[in-house]
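Breakdown of the fold
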Amino acid sequence: MKKNQNDIVTKPDCLEINVLYKNFKNGELNFFPSLEQSFVLDKKKYSHFIALVLSDMPVPMIYISEEKNGKEYVIDGQNRFNYFFSFIDGGFELTGLREYKELNGLNFNQLSEELKKKILAYKIIVNRFKNESGNDLRQEIFMRLGDAEFSLMNEVYKKAKESNWIFQFSKN
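Residues numbered from 1 in each chain as written. Predicted model: local features only at pLDDT ≥ 70, side-chain atom pairs only at ≥ 80, totals over all residues. Heavy atoms only, no water.

Okay, the overall build of the protein chain next. Each helix and strand in the protein chain was counted, giving six helices and five strands. Reading the protein chain from its N terminus to its C terminus gives the helix and strand order β-α-β-α-β-β-α-α-β-α-α. Among the 172 residues that make up the protein chain, the fraction classed as buried is 36%. Long-range contacts, defined as pairs at least 24 residues apart, comprise 74% of the intrachain contacts of the protein chain with a sequence gap of at least 6. A total of about 10,900 Å² of accessible surface is found on the protein chain, and carbon and sulfur atoms cover 53% of it. (Helix = DSSP H or I, 4+ residues; strand = E, 2+ residues; numbered from the N terminus. Buried < 20%, exposed > 50% of the residue type's maximum accessible area, 1.4 Å probe, protein only. Contact = heavy atoms within 4.5 Å. Areas by Shrake-Rupley, 256 points an atom, 1.4 Å probe, with all protein chains shown as cover.)

This is the structure:
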């Protein structure tokens, strides 16, 4: 079957943070400048994200676009990368953690080797849009992700919090 210009070609993958971090540092993985949000460091929010990783909890998928120049660009998930990369670079100390209180006040370099390895070896699902995919279609998918999936997740979270259903469920 002949490839249509509206076809999207993806390659799902599961990559360790250390691989993504290395690719980012050597310029193989980039942020789209036009999509970069202003980076405001919320230590407590970022700390809780790192705690999810330490607890082996899943984090939302990252979407990457493979370009003809061989470089890859993050089209959705830049904040998650900021959480990881900023922490690994020593950009903030953990704060406000209830489940890992002993880690409050520590940056990445102050963690035990075991915890550092756990963070670097953490696997995250990456869905890569191959360069054969049309640019217009990738942009459309990005817009739909923003409008649908994450808006829906925010709405689901808000409703769950309002109804207190997670606590009711855990009591049963």
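Attention now goes to the side chain of S47. Along the chain, S47 turns up in helix α2 (residues 43–54). Overall, the relative accessible area of 0% leaves S47 in the buried class. When sequence neighbours within four positions are dropped, the list of residues in contact with S47 reads F92, E93, L94, T95 and L97.

All right, on to the nonpolar core then. With 34 residues, the main nonpolar core has L20, I50 and F84 as its most contacted residues. For this core, the elements supplying multiple residues, two or more each, are α1 (17–25), β2 (29–31), α2, β3 (62–66), α3 (78–88), α4 (113–121) and β5 (123–129). With residues near it in sequence (within four places) discarded, F84 still touches I17, F49, I50, V53, Y122 and I124. (Core = buried A, V, L, I, M, F, W, Y, C linked by side-chain atoms within 4.5 Å.)

Applying the stated criterion across every chain, the model contains ten aromatic pairs. What links up through ring pairs into an aromatic cluster is the set Y46, F49, Y83, F84, F87, F92, F108 and Y122. (Phe/Tyr/Trp six-rings, centres within 6.5 Å; stacked < 30°, edge-to-face > 60°.)

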